[in-house]
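As a plain string of letters, each chain reads:
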Amino acid sequence: MALVTTAGLVAAGLMATGLTGCADMSGIHSNASLRDASSLGLPAASAPAAPVAAEWWRDFGDGQLNTLVAQALQHNPSLKMAQARLARAQAVNEVAGAARLPQINGGIDLTRQKYTANGAVPAPLAGSIRESGTVQLSGSWELDFFGKYSAALESALGSVRAAQADADAARVLLASNVARSYFQIARLNEQLQVAERTLAQRQETLGLVKDRVNAGLDTQLELRQSEGGLPEARLQIETLKEQLTLARNALGALVGQPNVAVALVPPALSAIKSVAPAQAIPADLLGRRADIAAARWRVEAASKDVVNAKTQFYPNINLVAFAGFSSIGLSRLLDAGSQQWGVGPALRLPIFDAGRLRANLRGKSADLDGAVESYNAAVIDAVRDVADQVASSQAITRQQAEQRAAQTAAEGAYEIAVQRYKAGLGNYLYVLTAETSVLNQRRQAVDLAARALDTQVGLMRALGGGYTADASTATLDTPEKIADSAGAERAAGLFSSNSSVTSR
C-alpha cells in the first residue's frame, strides 16, 4: 500500500507540474439539450391518466386475436432478434464489470535450450544444453482512481437498459401489427360480402330487365347496361379475394406460423368491442413509451462514454504481483530455493499522443449530441403520433354518424328508383345511379368501422402499449449529474466544467 500511495502522489505531482499539458481536454464539450414535457406544450398533470393495460388487445374481446398475439410474441423472429440484442448488451455489461476486479492468471513454461557459447552467458551454462521451467501465478489490478471503469460499467448498463426498452418496444409494435392485420382481414372479408351481395343483386336485376325486354317494355340498351354490371362485380370480388389472401399471408408471417392464418375465421367488425379512446395527450406520455425510454438510456450511456473518454487523460495505476517457482533444471523446480515473487505498482501517464485523446473525446461528445437529438426526435414524433391518433379517432366518430345518415338516404332512394322502374315510371339509368350510391355507402361503412378499430390500436401503441419501466431502472440521472459525479472527487473536480448537456 505504501508503494501504491507513492505512485498516486507521483501521478498527482506530474499533473500538477504540467506534464499532461499535451493531453488537454479543454474546449471540448457537448452542446445538445434534452427536450422535456413543458417545452413540448404538454399539459401539467393534475392527476395521472389511466395507463394502457399490458395486454390491451384483450379489451377488444376477441379470442382469436388473443391467441394470435400470444403466438406472435412466442414465435416472431423479429422479437427474438430484439431479445438477442438484449442478451448481447448484458454480456457487454458483464465484461465491463469484470474490468473493475483483479485479474489472476497461471502459467507453466518448460523449455529445453542450448545456451550460446559465444555470448554473454557465463559458465557452466555457456555451450550447454539445459532444461528450465517456470510455474507462476500472476495478478494485476488496475486501481480505478479516476472512475474510468466505473464510467464504462455505467455506460454498458445504460446500453442494457436501452436494449431492454427496445425489446419492450418491439413487443408493443408486434402486438399492434398483429391486431391491425387481423382487423384488416375482417375489413376485407366484409367488403367481399358486400361485393357478393352486389353481384347477387345485379343478377336479380338482370332477370327483371330480361323479363321487361321480353314483354316489350325495355330495349336492348337497358339489357346491355344491366349485363355490364356483372363482370364489374365479379372483378371486384376477385380483387378482394386476392387482397384477403395477401393479408392472411402477412398475418401468418407476423405470427411466425404461416399456416395459422389459412384456417382463420374472419370476425364480424360489429362483434369486436370498441375501446374508449383518449381525448387528449397525457402529460406523462414521455414516461409511457418504450422507444423514448430506450432513447433516454442511450443518452445516459453516451454521457458515461464521455466521462470515460475524459478519464483517459489521467494516469493509470496498476497493481501487479507474481509468485511461483523458476529454475534451471526441472528436478529442482519445486524446491524452496526456486521460489520467486514480486509486487508493485505500475504507473502510465499520457504526455504526448499527437491529439489522439482529444479526438476520441470529441468523437464521444459528438455521439452524445447525436443521442440527445435522437431522443428529442423520438419525443417530438411521439407527441405527433398521439395527436394524430386522437384527431383521427374523433374525426372517424363524426364521419360514422354522417355516413349512417347518408346510407339510410341512399338505400331509400334506391328502393324508390327500383319501384318506379318496375312501374314503368322511370328508366334503368336511375336505378344504376341509386345502386352505385348504395354500394359506395356500404363500402364506406365497412371502411370506417375498420378504420375506427385500426385507430384504436394505433392509439394504444402511441400511448405506450402498456409499457412500464422497471422500478430499479426508472430514474435517469441528468447529463450534468453524470458528468459531475463520475470521478469528481478523485479527479479534483476536473470534469465538472466540461459538460453542457442540459435539459430544457
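Calculation notes
Residues numbered from 1 in each chain as written. Predicted model: local features only at pLDDT ≥ 70, side-chain atom pairs only at ≥ 80, totals over all residues. Heavy atoms only, no water. Helix = DSSP H or I, 4+ residues; strand = E, 2+ residues; numbered from the N terminus. Buried < 20%, exposed > 50% of the residue type's maximum accessible area, 1.4 Å probe, protein only. Contact = heavy atoms within 4.5 Å. Areas by Shrake-Rupley, 256 points an atom, 1.4 Å probe, with all protein chains shown as cover. Pairing = 2+ DSSP bridges. Axes fitted to C-alpha atoms, helices over the stretch in contact; angles between N-to-C directions. Salt bridge = Lys/Arg side-chain N within 4 Å of Asp/Glu carboxyl O. Core = buried A, V, L, I, M, F, W, Y, C linked by side-chain atoms within 4.5 Å. Parallel < 35°, antiparallel > 145°, perpendicular 65-115°, else oblique. Nonpolar A, V, L, I, M, F, W, Y, C, P; charged D, E, K, R; others polar. pLDDT = per-residue confidence, 0-100. Left-handed = near helix turned anticlockwise from the far one by under 90°. Phe/Tyr/Trp six-rings, centres within 6.5 Å; stacked < 30°, edge-to-face > 60°. Expected span 1.5 Å × (residues − 1). Patch = residues over 30% accessible without salt bridge, like charges linked within 9 Å, V, L, I, M, F, W, Y side chains within 5 Å. Polar contact = N/O pair within 3.5 Å; in protein donor to acceptor, adjacent residues only side chain to side chain.

Trainee: Please give an account of the overall build of the chain that cites residues and values.
Mentor: When helices and strands are tallied, the chain shows 9 helices and 6 strands. Looking at the chain as a whole, 41% of its 504 residues qualify as buried. Relative to all contacts within the chain whose residues are 6 or more apart in sequence, the contacts with residues 24 or more apart total 84%. Accessible surface computed for the chain: about 25,800 Å², of which carbon and sulfur atoms make up 56%.

Trainee: Describe the sheet that holds strand β5 (residues 339-348), and please don't skip the residues or the numbers.
Mentor: The antiparallel open sheet is built from 4 strands, whose spatial order is β2-β3-β4-β5. Two strands close off the open sheet at either side, each with one partner strand: β2 (103-114) and β5. Direction aside, neighbouring strands of the sheet carry axes that sit 20 degrees apart on average. Two strands pair when backbone bridges link them, and strand β3 (residues 129-143) and strand β4 (residues 316-328) are joined in this way by 12 bridges, in the antiparallel orientation. Across the sheet, Ser 140 pairs through a bridge with Val 320, a residue of β4.

Trainee: I'd love a proper account of the pattern of salt bridges, names of residues and values included.
Mentor: Two side chains carrying opposite charge are able to pair once their charged atoms lie near each other. Enumeration according to the criterion identifies 12 salt bridges in this entry. A salt bridge links Arg 298 to Asp 166; the shortest N-O distance between them is 2.1 Å. Placement of the pair is Arg 298 in helix α6 (residues 290-311) and Asp 166 in helix α4 (residues 148-214), with a sequence separation of 132 residues. Relative accessible area serves as the criterion here: at 26%, Asp 166 is assigned to the partly exposed category. A salt bridge links Arg 384 to Asp 381; the nearest nitrogen and oxygen atoms lie 3.0 Å apart. Residue Arg 384 and its partner Asp 381 are located together in helix α7 (residues 356-422), separated by 3 residues, close to a single helical turn. Salt bridges sharing common partners tie together Arg 289, Asp 291, Asp 385 and Arg 461.

Trainee: With reference to specific residues and values, describe the nonpolar core.
Mentor: In terms of nonpolar packing, the biggest core is built from 85 residues, with Trp 56, Phe 60, Leu 65, Val 178, Phe 183, Leu 251 and Tyr 375 touching the most fellow members. Contributing elements (two or more residues each) for this core: α2 (63-75), α4, α5 (220-255), α6, α7 and α8 (428-462). With 17 residues, α7 is the largest single contributor of residues to this core. Among all residues touching Val 178, those that are not within four sequence positions of it are Leu 65, Leu 68, Val 69, Ala 72, Leu 251 and Leu 254.

Trainee: Let's hear about the packing of α2 against α5: which residues, and what values?
Mentor: What describes two packed helices is the angle between their axes and the distance between those same axes. Closest axis-to-axis distance for the α2/α5 pair is 7 Å, and the angle between their directions is 55 degrees. In this view, α2 runs oblique relative to α5, as classed from their interaxial angle. Of α5, the residues touching α2 (which contributes Leu 68, Gln 71, Ala 72 and His 75) are Leu 251, Leu 254 and Val 255. The residue inventory of the contact of α2 with α5, partitioned by class, reads 5 nonpolar, 2 polar and no charged.

Trainee: Residue-level account of the confidence of the model for the chain, with values.
Mentor: Counting all residues, the mean pLDDT for the chain is 81, and 86% of those residues have values of 70 or more. Here residues 17-22 is modelled with pLDDT under 50, and outside its nearest four sequence neighbours on either side it reaches 10 contacts, counting other chains as well. The low-confidence segment residues 478-504 (pLDDT under 50) makes 59 contacts with residues lying over four places distant or belonging to another chain.

Trainee: So what's going on with the packing of α6 against α7? Which residues, and what values?
Mentor: The geometry of α6 relative to α7 is characterised by a closest axis approach of 9 Å and an angle of 165 degrees between their N-to-C directions. For the element pair α6 / α7, the angle class is roughly antiparallel. Read as a crossing pair, α6 and α7 show a hand that is left-handed. Residues Ile 292, Ala 295, Arg 296, Arg 298, Val 299, Ala 302, Ser 303, Asp 305, Val 306, Ala 309 and Lys 310 of α6 lie in contact with α7, whose contacting residues are Asn 360, Leu 361, Lys 364, Ser 365, Asp 367, Leu 368, Ala 371, Val 372, Tyr 375, Ala 378, Val 379 and Ala 382.

Trainee: Can you break down the packing of aromatic side chains residue by residue, with the values?
Mentor: Going through the model one piece at a time under the given rule, you end up with 4 aromatic pairs. Each ring, one from Phe 60 and one from Phe 183, has its centre 5.1 Å from the other, and the planes form 70 degrees; the classification is edge-to-face. In this pair, Phe 60 is assigned in the loop between β1 (33-34) and α2 and Phe 183 in helix α4, connecting sequence segments 123 residues apart. Of the two residues, Phe 60 and Phe 183, both sit in the buried class.

Trainee: Summarise α6; cite the residues concerned and give the values.
Mentor: Along an α-helix, a turn takes 3.6 residues, which lines up residues three or four apart on a common side. Under the 1.5 Å per step criterion, the end-to-end length of α6 is 32 Å for 22 residues, consistent within 8% with the ideal 32 Å. Counting buried positions along α6 yields 19 of 22 residues, so the element is predominantly enclosed.

Trainee: Residue-level account of the environment of Ala 294, with values.
Mentor: When you line up the elements, Ala 294 lands in helix α6. Ala 294 sits 127 residues away from Ala 167 along the chain, and the two C-alpha atoms are 9.3 Å apart. Residue contacts for Ala 294: discarding those within four places in its chain leaves Ala 162, Ala 165 and Asp 166.

Trainee: So what's going on with a nonpolar patch on the surface? Which residues, and what values?
Mentor: A surface patch of nonpolar side chains, amounting to about 310 Å² of accessible area, comprises Ile 108, Leu 110 and Leu 330. Along the chain, the position of Leu 330 falls in the loop between β4 and β5.

Trainee: Which residues make up the environment of Ala 268, and what values do they have?
Mentor: Within the element layout of this structure, Ala 268 appears in the loop between α5 and α6. When the C-alpha positions of Ala 268 and Asn 189 are compared, they lie 8.5 Å apart, and in sequence the two are 79 residues distant.

Trainee: I'd love a proper account of the side chain of Asn 308, names of residues and values included.
Mentor: You can see Asn 308 is positioned in helix α6. Reaching out from Asn 308, the side chain makes a polar contact with the side chain of Gln 312 at a distance of 3.3 Å. What Asn 308 contacts, discounting residues up to four positions off in sequence, is Lys 148, Ala 151 and Ala 152.

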